[in-house]
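What follows is each chain in one-letter form.
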Amino acid sequence: MAAAESDREVPSALCTEFLNFSVKDTASKWLQVTDLYKEVYHHLARYVPKIYCLGPNLNPQSEDLLAQMLLQAPLEWYLCGEDPSTGLAKLEQNNQPSQLCGHVFKVGEPTYSCRECAADPTCVLCMQCFLGSVHKEHRYRMTTSGGGGFCDCGDTEAWKKGPYCQKHEPNISDSCQEDPLAHLSTDMIARCYNVFSVVLKYAVDMLTWDKEDELPLGLEPPDRSDTYYCMLFNDEVHTYEQVIYTLQKAVNCTQKEAVSFATTVDRDGRKSVRFGDFAFCELAKSVIVRNTSRQSKPLRVQVMHSSVVAHQCFALKALHWLGHVIGYSDALRRILCQVGLERGPEGENSSLVDTLMLCDSKMWKGARNVYHQLFMSSLLMDLKYKKLFAIQFAKNYERLQSDYVKDDHDREFSVTDLSVQMFTVPSLARMLITEENLMTTIIRTFVDHLRHRDLQGRFQFERYTAQQAFKFRRVQSLIGDLKYVLISRPTEWSDQLREKFLEGLDTFLELLKCMQGMDPVVRQVGQHIEMEPEWEAAFTLQMKLTHIISMIQEWCATDERVLIEAYKKCLTALTHCHSGFADGEQPITLSMCGHSVDTIRYCVSQEKVSIHLPVSRLLAGLHVLLSKMEVAYRFPEQLPLSELSPPMLIEHPLRCLVLCAQVHAGMWRRNGFSLVNQIYYYHNVKCRVEMFDKDLIMLQAGASMMDPNHFLIIVLSRFELYHIFSSADCRKRYNRENANKDVVQQNNTLTEEMLHLIMMVVGERFEAGIGQVEGCDEIKREILHQLCIRPMAHSELVKALPENENKETGMERVIDCVASFKKPGVTGRGLYELRPECAKQFNLYFHHYSRADQSKAEEAQRKLKRQNGEDTALPPPVLPPFCPLFASLVNILQCDVLLGMLGAVLQWAVEPSAGHWSESMLQRVLHLIGMALLEEQQQLENSSEDNDVYFNFTLKMSRPGEAPSNTASVLALLENLQNAPHLEVHEGMIRWLLKTVAGIKTMRERSASTSTVTTSGSRGQEETACDKDKAERKRKAEMARLRREKVMAQMSEMQRHFINENKELFQQSLEELDASTSTSLEHSPASSDAALACVGPRRSRPREKRQVVTCILCQEEQEIRADGKAMVLAAFVQRSTVMSKNRTRPPHDPKRYDPLFMHPDLSFGTHTGSCGHIMHSHCWQRYFEAVQAKEQRRQQRLRVHTSYDVGNGEFLCPLCECLSNTVIPLLPRTMGSSSCEQPGLGQWLKTSGQQIKAMHSAHRKLQPVSTVEETVEEECPVPEVFTVDYIPTNPYSSTIKEMLATFGTATYKVGLKVHPNEQDPRIPIMCWSSCAYTIQSIERLLVDEKKPLFGSLPCRQDDCLSSLARFGSACWTAACQPTVQGHFIRLLAALIPDPQVEASPCILDVDMLHLLVSVVLSYGSVHSQDSSGLSVDAVQLHLFHLITVAHMVQILLTSGPEEVTMEQESGEAERGEEEGACRLYNTLRTHVGSSLPEVGSGWHLWRCVKTGILPYLRGAALFFHHLHGVPAPPELHALCPGQWEVLCGYLSLPSNLLQLFHGQQELLEPLLHGWCTHPGIQQTLQGGGVLVSFPRESNSLIDLPDDYSALINQASSFTCPKSGGDKSRAPTLCLVCGSMLCSQSYCCQTELEGEDVGACTAHTFACGAGVGIFLRVRESQVLFLAGKTKGCFYAPPYLDDYGETDQGLRRGNPLHLCHERYRKIQKLWRQHSITEEIGHAQEANQTLVGIDWQHL
Ligand SMILES: [Zn+2]
Ligand SMILES: [Zn+2]
Ligand SMILES: [Zn+2]
Ligand SMILES: [Zn+2]
Ligand SMILES: [Zn+2]
Ligand SMILES: [Zn+2]
Ligand SMILES: [Zn+2]
C-alpha cells in the first residue's frame, strides 16, 4: 500500500493560501506582539498540519521546502529584524569563531590520537586537523569513528602538547576570552532570546509528548481531519528478519517494501507502516503485536494522529534549524545555551535541556540523535555553558543512568553517552568531583544496580537471569564513566578535593567489600560437580575495575595525606571483612627447626576459599606506595602500623596462592572448568596486576614484618606440607610413608609450587617501592622474559604486557634497550630479538611465566648457551636490593626453617626412592641456594669496610643439620650430589654453586685479612687442569651432539618435503628421457651450432626420442604415443579478464556468441593452468569417481562443503591438492615431413584458394538439400591431390580420443559458461583461444617479472603450454571435419578476401596472436586431405608471415600521432627499416585517406612497429616452440641485448620486418587494399569502436595510497549507491578497477543468475569474470572471491612500523603500503592464481568453507 500514493498534489486552496503568505508581514506582526509564544504557537498550529503528514510517506522533499518558506523564514526574519539573507550574513561576518574545531565524526571516518600528547585516548583529531598538527610526527594511533563525538583540536585540556593545528591556531591579537555577546545589539539579543525560547520550547514539548491523539495547549489545529499513522518503533530485541516477516503479514506489503520499512525503523527509530483511519491502523497494530509477542516482549507500535506526527516532524526540523542558525555566530550559540539551561517554572532540574535529557529513554532513535547533535554543537562547544551543562548532567546522573539501564537502545543512542565529552575534561571532572560529588554518585549508582547479595552481603551472580545479565552489562558503562573521571591525576589537591575523593574512596571500598570473598569455592571430593558455577560475571567485574583500582592508587600516590587516609580506610575495611579468624577456625601452635608459631587450623583443600580479594589487594598496593613515597619512613607516627597483624594480612592471599598450587597439583579436578578458568584469569595479563601480583606483594609485605621462620611455617601449613617437613626424620620420610601414588605426586607438585612461591617472595623486587628500581625496570624485565621464550612481533609483546587505562604498555620507551628489531620479508612479520647482553638477566622462575612458558624459555636459553659454547646451567640473575620497608625479606633465605627444607630435599635427591622426589624440586632448591649465595655476594661487594655483612648463608649452609639426627650440612650434600650419575642435568648448576661458595669464602677471607683488597677476581681461579680437561671433553661431546641434531633436522625436513622432492623427480625423469623439452635446454647446447628455427620448412627437427612419464597415482611408467594409453595433466580452466583493456564491454550471450575472432581489447579470455602432475586417464577417472562418491556421502551425512565443487567437475590434484577442473591429454609431438621444393607465397595463395573453393562446394553438398550428387562443381578446378571427401584415419587411441573430448568440452563449458555439449562447433575454437590467451598471459607475466622468454618458466607451465598447443593441433580429430574446415576458411577470410564468407571482421577488430594460433591449429583439418606433398611447415610459415604483415598494418594504423621527441640519429642498418616503415605507412594513407595523420618520421614509425609487434613475436615464438618442440637459442634464455635479431631468426623472419611486405609487394598490395577498405576501418579510426594501440600495457592493480588513513577517509565519504546517501557499513574497494562497493548489506544485493548476491559478488562477474580482489577498508583485509561460493581473506598490503598487518584495524598503529606485498598480490592475480589461493586457504581452514561468500 505504501507504493500507491507517492506524490500528492498540494490542494489548490492551500496553494493560494501559501502564495498569499508574506514572510515579512508575519515577522513584523510578531515583532509587535507581547506574547510571542501564543502568536508563534498559533502560527504553527495552523500551518504545520497543512504541510506535514498529508500522506503515508513522511518527509517528502516538498514538505521541507514548504516548512522553510512558511515556518522557518518568518522566524529568521524575526531573529534578524530584517531580511535574513543580509542579517545572517552580517552575523557571520562579525563572528569570531572559537578555536575549537568541533568537527563531528561520521561513521567510519578516521580519527587520530597522539599516544604521546593526548590527555587520554578519547582525545581525537579529525584528519584535517591531524595533518596540520605536530602530532603527525609523533607516535599516533588511528581508528575509525563509530559516529558521534567530535574533533578535540583547540581544546587545551585535551592535549599535553600541541593543542592546535595550523588552522585552529589562535591569533595573538584576539587573545582574551571576550564575551561573544559583546558584538550584538541588545535588541538583537532580546529577539534572539525570544525566538530561541519559543522554538526550543516547542521542540521539547513535541518530542517529549506522549499522547497519541491530542496536542499540547495552544497547538490544537483549527480544523481537524481524522487521519492516523500506525507507527512502528525500533527495538534491539527483534531481528531484521522477524520485523520483515511480521510486516509482510501485518500490512500486506512485498518483501522489498518490508525490507525498506525495517531499514528505516532501524535507522530512524520509527516508521509509519500504515496511513488511514483509526480502525485501519489499529488493525495493523494488533497483528504486529500479536505476531511479535510470542518469544519476547512485542514490538512497540502506536496509532498516532497525523497532526501529532506532523508537529513531531517539524519539531525535529526546528532543532535542525536551531543547529543551523547558531552556526552563524558564537553569540547566537551562547544565547541558545542560556535559553536551554534556564531553570523552568518547576524549579530544580526543570530547564528545557533537563527535560530533554530526562525523557531521553522515551524518545525514538531519530529524535534522540537530532537533539544530541544539537547539544554537541551548542552546549559542548561553548566553554562557559559546557560547565553548566556538566553540572546539570551530574545532578541528573543517577536518573539518566537508571533510565539507560532499563532502555533497550544501545549506548550510542543514549544521552548518557555524552558523559565522555565532559568527564574527560580534567578541570570539569575535578569540579564535578568536588562540587557535585560525582565520584561517589557514580559508584553509588553502580552499587545500587547490583542488588544480588549473599548472606555476608557479597555479590552473588549465580542463577542470574537473562534480564539481570543484560542489566549487568549495561551498568558496566558506569565503570567507564568512573574511569573518565579518574583518568587524569590531579596535579594539586585542595582540601575539598581530598575530602570528596576520600568520600568516593569510602564508597568504592564498600563496593570492594561486596567483592571480597565472593564466589567462594569448596573442593569437590568424590563426585564431579554437577553444574559449572557461574564465574564470568565476577571476573568481568574484576576486569572492568582493574584500571579503576590502579588509578585510585595512582591518585593516592600524588598526595601524602590522601595516601595515609586511604591506607587507614583500606585497613579498616579489610579488618571489617576478616574480623580476626572468627569463622570457627581453631588456633594451634606449630613448631619446626627450633621455632614455633601460633596460627589457626585451616585447610584450603577442605574449606571455602575465594579468589576475589580486592580489599587485600588494594591495601597491598597502598603499602607499596608507603614505601615508594617514603611516607613510611617520614610519618610513621601517622600510620596505623601497630594495628597491622601480619598473619591476618597474608592469610587470604596465601590461601588463594595455595589454591592455585593445588589446582596445578590436580587436587581440584572434580571442580570442573570454571575453576581452571578462574585460575587462568587470575594469572592472565588482563587481571594479574590487581590479582596475582598484589597477592604476592601482600605476602612480601606480611613476611617483611614477621619472623621468617614463622612465615615459612605458616606457608608450609597452608600448603598442607607441614607434616612432611616438620617431622624430625623428614629426610627419610618416604621409607615409612604409605605409597599412595596420587598423594605422593600431589605432594611433590605442592612442594615445587611452595619452593617457587618462596623464590618469588624473596626474588620479585622489580616494582618500585619493593626493590630499589626505576619505573621502567619492571617493563624492561617483562619484555626481556618474553623474548627469552622466542623472538616476538610487536603485537605479541603488546598482548603479553599489561596495558594501563590509556591502553599503553610503556613498551616503546624501553624496547630498544633490550631488543633489536628484525624487519619482515614479503610474508611474516617483523620480530624483536633479545639483545645478547640481556640474556644474563634471565630468571627461569620469573613470576609471570606459565609452566609452558617456563619450559620453552628454559629450552631456548639452554640452546643459546650451548650455541655460544657456554655451560648450560641457568643460575639466578643478580637482583636489585630491597627498599628498606621490605629489606628483611632476604632473611628468609638464611632462616633455619628454609635450610631445614633445603637439606631435606637435597637428602632425598641423594637417596632417591621411586617417585618420592622430583627433579624440578631439586632444581628449585638449587635455584634458591643460588639466590642466597648471590645475595651474600652482592652484599659483600657493596659493603664498605666498617659495615659488616650480617647475611651469611655460606656459614649456615656449612652447619650440619639439626639435632638429634645430626645430618649432613647443605654444603656437604651439594658436594655429595655433584658427581651423582642420576643428576647429570644439574651438574652444571651444582658446579656453579660450589664455585660461588668458594668465591664468597675467598672474599670473606680477604676482607677479613686485608680489608682493602677488592673482591672481584675471586672467580674462576680454582678451575683445575682436570676441570678444564673435563670441560673440553664435554664441549666436544656437545659439538658432536649438535652436529647429530642438525643432520636429524635436515632429514626430517627432507621427509616433510618428500612430495615436493618427488615432484622434482618426476620432472627429472621427463627431462632425461626427452632431451628436447624446454626444461632441459639449458643443459643441451648440442643443437646450438645450426641457427634454430621453430617454424617453416627450415625448422630444426629435434631427434625423436621416446617420451616416458610416470603416473602419480599408480607409479607406473608410460610412453606417450598416439596409439598408447592416454596420459593426462591435471588442469584448471577459468575465465579471465586479467588482460582486459575494456572492462565496460557487456558480457556476451553465451548461447549465440561467436568466439572465432578475439577482439584486441582481450576483454574476456579463457585461461588454462596446470600444476604439472601427470596421471593415466583411467587412473584419474577412477580417482575422480571416488571423489564424487565420497562427496555425495559427505553431503548427505554432514552437509559440510568442500573447497571444491565436484558437481562442476572440480577436484584437487591427488598429489599437490591444487584446485583443478579438467585434465589435458599429453600428445606426442607432430612430425613434420621435411620435403623438397615448397611453393612460394604466390603459388600457395593460388593453391589454397582452390582448396577453399573445393571445400566450399563440398560443404554445400553436405547441406541437407542434395546429398546424392557427387560431381565436382564445374568452375572450380580442384587439384587432384586434394580430396575433399577423403576421411583420414584417426591416429589416436580410444582413451586419447576420450580425453580430447573431455578437455575440449571442459574448456568450452567454462569459457562460455554454458552446459557441456560435445557436439557444439565452438569447442575447437575455445581450445585454440584458450591456448592463445594462456600464451599471451604468460608472455606478459615474463615481461612484468623481467624474466627471459625461455628457460625461466616453471616446468609445470612449460608442460601445460606444450600440451595445450599439441592438443590444439589435434582437437580437430575429435570434431566434425567440415566444421573445423569451416572455421579455417572463415579465419583465413579475415586476411584473404573470400566472397563466399560473409561479415569478415576488419583487421582492427582481430587479435593477431589469437588468429595465428587458431589458423595454424585449424589447418590440420585441411591438410589431412592434401596429398600433394605440400608441407605443413611451409603453410604455417606463409600463414605466419601473412598475419605478421597484417599485424604491422594494424600497428601502423593505430600508432597515433608522432610524439614530440628528439629524433634519434640512427645507424645505417636502421635506415632500411625506417624507410620501409615510411613507405608502408604512406601506402596505407593512400588507401585509408585522411583519417590517418601524416607522419614524417620513419624513426617514429619503425619504433612503433618494433615495440608494438614484439609481444606478438614473443607469443608466436612460445607457441611454435611448444608446438614443435624446437629448442630455443641460448640468447633467448637470458635478458641480453640483441634479442630482436635472435627472435626474428628463430621465427624465420627477416630482422627488417618490412621486407615481408616489400619483398612480396605485388602479391600483398591487393590484400592490403582489401584490409584498408573494410568499412570497419574508417569507423574505428574515427572513434566508432574500441581502438586498442600496441603494445598493450600489462594491467596493474589500482594504485593505493601510501597512508592507509587516506583510504579510510575515502571510504567514510562513500555512501551506499542504492539507499540514497546512507553510510555504507562495509565499504569495499575493487583492486582491479578501483570501484568502491557497498558490501555485505541488504541494500546492495542484486540478483545474479536467480540468486541474491552481495555487491562484491555481483561486481566480480562484471569486472573479473567471476574472480575478484577487494580491499575491505574498515577491516583492512584483502578479500579474494571466485564464483559465488569461494572466497578467502588475505593479508592486506599495509603494514605498521613493526612490520605487522592489522586485520580488523584493532591496534590502530599507522599503516603504510608495503609495495612488495602489494606486488605479490598483483602477481597472484596476473598469473591467475587467485582461485588456487582460495582453494589452499579453504583446505587449510575449514571454517572459510562455511562462509556465505556470495553475500559479501
Ligand atoms: Zn578537527
Ligand atoms: Zn584543528
Ligand atoms: Zn603528539
Ligand atoms: Zn596410473
Ligand atoms: Zn598437482
Ligand atoms: Zn548499499
Ligand atoms: Zn572492479
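It should be emphasised that the depicted structure is a prediction, and the values quoted were computed from it without experimental measurement.

Conventions and cut-offs
Throughout this document, residue positions are counted from 1 along each chain, in the order its sequence is written. Lettering for chains starts from A, numbering for ligands starts from 1, and both go in the order in which the items are written. For a predicted model such as this one, the threshold for reporting local features is a pLDDT of at least 70, and the threshold for listing and counting side-chain atom pairs is 80 or more; totals across whole chains, interfaces and linings nevertheless cover every residue. As a rule here, side-chain values come from all non-hydrogen atoms in the structure, and water together with hydrogens is ignored. The secondary structure listing takes helices from DSSP runs of H or I that are at least 4 residues long and strands from runs of E that are at least 2 residues long, numbered from the N terminus. Categorising residues by exposure relies on relative accessible area from a 1.4 Å probe, with only protein chains included: less than 20% of the type maximum marks a residue as buried, more than 50% marks it as exposed, and the intermediate range marks it as partly exposed. Two residues form a contact once any of their heavy atoms are found within 4.5 Å. Only the protein chains shown count as covering a residue, and every accessible area follows the Shrake-Rupley method with a 1.4 Å probe. The donor definition counts N, O and S atoms within 2.8 Å of each metal and applies 3.2 Å to Na, K and Ca; water is not among these atoms, so some sites may look incomplete. A site with four donors is called tetrahedral when every donor-metal-donor angle falls between 85 and 135 degrees; four donors are called square planar, and six octahedral, when opposite donors sit more than 155 degrees apart and all other angles fall between 65 and 115; any other arrangement is irregular. Confidence scores per residue from the predictor, reported as pLDDT, run from 0 to 100. Here, a strand pair is defined by DSSP locating no fewer than two bridges between the strands. Only the stretch in contact is used when a helix axis is fitted, and all axes are lines through C-alpha atoms; the angle between N-to-C directions ranges over 0 to 180 degrees. By convention, a stacked pair of Phe, Tyr or Trp rings (six-membered ring in the case of Trp) has centres within 6.5 Å and planes under 30 degrees apart, an edge-to-face pair has planes over 60 apart, and any other such pair is tilted. Put simply, a salt bridge is a Lys or Arg side-chain nitrogen that is within 4 Å of an Asp or Glu carboxyl oxygen. Roughly parallel covers angles under 35 degrees, roughly antiparallel covers those over 145, roughly perpendicular covers 65 to 115, and oblique covers all other angles. Two helices that cross are described as forming a left-handed crossing if the nearer one is turned anticlockwise from the farther one by less than a right angle, and a right-handed crossing if clockwise. Basically, the charged four are Asp, Glu, Lys and Arg, the nonpolar ten are Ala, Val, Leu, Ile, Met, Phe, Trp, Tyr, Cys and Pro, and anything else, Gly included, counts as polar.

A closer look at the overall build of the protein
Then step 1. When its secondary structure is counted, the protein shows 62 helices and 25 strands.
Then step 2. Residues counted as buried form 57% of the 1752 residues belonging to the protein.
Then step 3. Across the protein, the fraction of contacts at a sequence separation of at least 24, relative to all contacts at a separation of at least 6, is 77%.
Then step 4. Put simply, the protein shows about 75,900 Å² of open surface, and 51% of that area lies on carbon and sulfur atoms.

Examining the coordination of the zinc ion (ligand 1)
Then step 1. Distances from the zinc ion (ligand 1) to its protein donors, Cys101 (SG), Cys126 (SG), Cys129 (SG) and Cys151 (SG), fall within 2.2 to 2.4 Å.
Then step 2. Around the zinc ion (ligand 1) sit 4 donor atoms, and with donor-metal-donor angles ranging over 97 to 125 degrees the site reads as tetrahedral.
Then step 3. The sequence motif formed by the donor residues of the zinc ion (ligand 1) is C-x24-C-x2-C-x21-C.
Then step 4. Taken as a pair, the zinc ion (ligand 1) and the zinc ion (ligand 2) lie 4.2 Å from each other and share Cys129 as a ligand. One exposure class covers both Cys126 and Cys129, and it is buried.

A closer look at the confidence of the model for the protein
Then step 1. With 88% of its residues at a pLDDT of 70 or more, the protein shows a mean pLDDT of 84.
Then step 2. Predicted confidence is poor over residues 1050-1089, with pLDDT under 50, and the contacts of this stretch with residues over four places away or in other chains come to 44 contacts.

Some thoughts on the sheet that holds strand β12 (residues 1127-1136)
Two strands in a sheet stick together by hydrogen bonds in their backbones, pointing the same way (parallel) or opposite ways (antiparallel).
Then step 1. The strand order β13-β12-β16 describes an open sheet built from 3 strands, whose pairing is antiparallel. The sheet terminates laterally at β13 (1165-1176) and β16 (1222-1225), the two strands that pair on one side only. Within this sheet the neighbouring strands show an average axis-to-axis angle of 40 degrees, counted without direction.
Then step 2. As defined by bridge partners, β12 adjoins β13 across 9 bridges and the pair is classed as antiparallel. Looking at β13, one finds that Phe1132 is bridged to Gly1169.
Then step 3. Its contacts with the sheet place helix α46 (residues 1294-1312) against β12, β13 and β16, and it is angled at close to 130 degrees to β16.
Then step 4. Strands in contact with helix α48 (residues 1355-1370) are β12, β13 and β16; relative to β13, the strand with the most contacts, it is inclined by about 105 degrees.

Looking at the coordination of the zinc ion (ligand 4)
Then step 1. In this structure, Cys1111 (SG), Cys1114 (SG), His1176 (ND1) and Cys1179 (SG) serve as the protein donors to the zinc ion (ligand 4), at separations of 2.1 to 2.4 Å.
Then step 2. Considering all 4 donor atoms around the zinc ion (ligand 4), the spread of angles at the metal, 96 to 117 degrees, places the coordination shape in the tetrahedral class.
Then step 3. Each donor residue of the zinc ion (ligand 4) belongs to the same chain, with the gaps between them written as C-x2-C-x61-H-x2-C. In this pair, Cys1114 sits in the loop between β10 (1108-1110) and β11 (1117-1119) while Cys1179 sits in helix α44 (residues 1177-1198), placing the two residues 65 residues apart along the sequence.

With respect to the side chain of Gln678
Then step 1. Examined against the element boundaries, Gln678 turns out to sit in helix α27 (residues 672-683).
Then step 2. In this structure Gln678 comes out as buried when scored by relative accessible area, which is 4%.
Then step 3. Among all residues touching Gln678, those that are not within four sequence positions of it are Trp535, Phe539, Ile611 and His612.

Looking at the environment of Glu935
Then step 1. The topology assignment puts Glu935 in helix α38 (residues 919-942).
Then step 2. Along the backbone, Glu935 and Asn952 are 17 residues apart, and their C-alpha atoms lie at a distance of 9.3 Å.
Then step 3. When residues no more than four places from it in sequence are discounted, the contact partners of Glu935 are Arg765, Val890, Leu893 and Phe951.

Digging into the sheet that holds strand β18 (residues 1636-1638)
Then step 1. If you walk across this open sheet you meet the 5 strands as β18-β17-β21-β22-β23, and the pairing is antiparallel. With partners counted over all chains shown, the strands left at the sheet margins are β18 and β23 (1686-1690), one partner each. The average undirected angle you get between the axes of adjacent strands in this sheet is 30 degrees.
Then step 2. Relative to β18, strand β17 (residues 1627-1630) runs antiparallel, the two being bridged by 3 bridges. Following the sheet pairing, Thr1628 is matched in β18 by Leu1637.
Then step 3. Against the sheet, helix α59 (residues 1655-1663) contacts β17, β18, β21 (1667-1672) and β22 (1677-1682), and its axis sits at roughly 135 degrees relative to β21.

Digging into the packing of aromatic side chains
Then step 1. As enumerated under the stated definition, the model contains 43 aromatic pairs in all.
Then step 2. Taken together, a centroid distance of 5.8 Å and an interplanar angle of 75 degrees make the contact between Tyr682 and Phe692 edge-to-face. A residue pair is termed long-range when its members are at least 10 positions apart, and Tyr682 in helix α27 and Phe692 in helix α28 (residues 692-704) qualify at 10 residues. A single burial state applies to Tyr682 and to Phe692, both of which are buried.
Then step 3. Consider the rings of Phe1519 and Phe1520, whose centres lie 5.1 Å apart with planes at 55 degrees: the pair is tilted.
Then step 4. Under the relative-accessibility criterion, Phe1519 is labelled buried at 0%.
Then step 5. Judged by relative accessible area, Phe1520 falls into the buried class, the value being 0%.
Then step 6. Three or more aromatic residues joined by ring pairs form one cluster here, namely Tyr371, Phe375, Phe389, Phe393, Tyr397 and Phe423.

Re unusual backbone geometry
Then step 1. The omega torsion of the bond from Phe1590 to Pro1591 falls at -5 degrees, within 30 degrees of zero and hence cis.
Then step 2. Structurally, Pro1591 can be placed in the loop between α57 (1575-1581) and α58 (1604-1612).
Then step 3. Backbone geometry places Asn437, a non-glycine residue, at a positive phi of 50 degrees.
Then step 4. Tracing the backbone shows Asn437 in the loop between α18 (426-436) and α19 (438-449).
Then step 5. For Asn437, a relative accessible area of 13% translates into the label buried.
Then step 6. In this structure, Ala1665 takes a positive phi of about 50 degrees despite not being glycine.
Then step 7. Mapping Ala1665 onto the fold places it in the loop between α59 and β21.

Some words on the pattern of salt bridges
Then step 1. What the rule picks out here adds up to 64 salt bridges.
Then step 2. Across the pair Arg862 and Glu858 runs a salt bridge, and its minimum N-O distance is 2.8 Å. On the criterion of helical spacing, the pair formed by Arg862 and Glu858 is a turn pair, its members being 4 residues apart in helix α36 (residues 851-867).
Then step 3. Overall, Glu858 belongs to the buried group, its relative accessible area being 19%.
Then step 4. Of the charged contacts, one joins Glu1649 and Lys1684 as a salt bridge, the two residues approaching to 3.5 Å between their closest N and O atoms. Taken together, the residues Glu1649 in the loop between β19 (1646-1648) and β20 (1651-1653) and Lys1684 in the loop between β22 and β23 connect sequence positions 35 residues apart.
Then step 5. Owing to a relative accessible area of 57%, Glu1649 belongs among the exposed residues under this scheme.

As for the pairing of β22
Successive side chains on a regular strand alternate, one facing one side of the sheet and the next facing the other.
Then step 1. For β22, the buried fraction is high: 6 of the 6 residues fall into the buried class.
Then step 2. Along β22, one buried face is formed by Gln1677, Leu1679 and Leu1681 and the opposite face, lined by Val1678, Phe1680 and Ala1682, is buried too.
Then step 3. Pairing geometry for β21 and β22, over 6 bridges, is antiparallel. Note on β22: the bridge partner recorded for Val1667 is Ala1682.
Then step 4. The turn linking β21 back onto β22 is made up of 4 residues, and Ser1676 within it adopts a positive phi angle of 50 degrees.

Let's talk about helix α54 (residues 1539-1546)
Then step 1. Within α54, 6 of the 8 residues are buried, leaving the element largely enclosed by the surrounding structure.
Then step 2. Those residues of α54 not exposed but buried are Gln1539, Trp1540, Val1542, Leu1543, Cys1544 and Tyr1546.
Then step 3. Along its buried surface, α54 packs onto α53 (1498-1524).
Then step 4. Trailing α54 by a residue or two, Ser1548 shows a phi angle of about 55 degrees, which is positive.

Notes on the packing of helix α51 (residues 1432-1453) against α53
The axes of two packed helices give the description: the angle between them and the distance between them.
Then step 1. Where α51 contacts α53, the two axes come as close as 9 Å, and the packing angle between them is 150 degrees. The angle between the axes of α51 and α53 places the two elements in the roughly antiparallel class. Handedness of the α51/α53 crossing: right-handed. Facing α51, whose interface residues are Asp1433, Gln1436, Phe1440, Ile1443, Thr1444, His1447, Met1448, Ile1451 and Leu1452, α53 presents Leu1501, Cys1504, Val1505, Gly1508, Ile1509, Tyr1512, Leu1513, Ala1516, Phe1520, Leu1523 and His1524.
Then step 2. For the contact of α51 with α53, the residue count by class is 14 nonpolar, 5 polar and 1 charged.

What to know about the environment of Lys1297
Then step 1. With respect to the secondary-structure elements, Lys1297 resides in helix α46.
Then step 2. A C-alpha to C-alpha distance of 6.6 Å links Lys1297 and Ala1374, two positions 77 residues apart in sequence.

So, helix α16 (residues 397-406)
Then step 1. A large share of α16 lies buried, amounting to 7 of its 10 residues.
Then step 2. Within the sequence span of α16, burial applies to Tyr397, Leu400, Gln401, Ser402, Asp403, Tyr404 and Val405.

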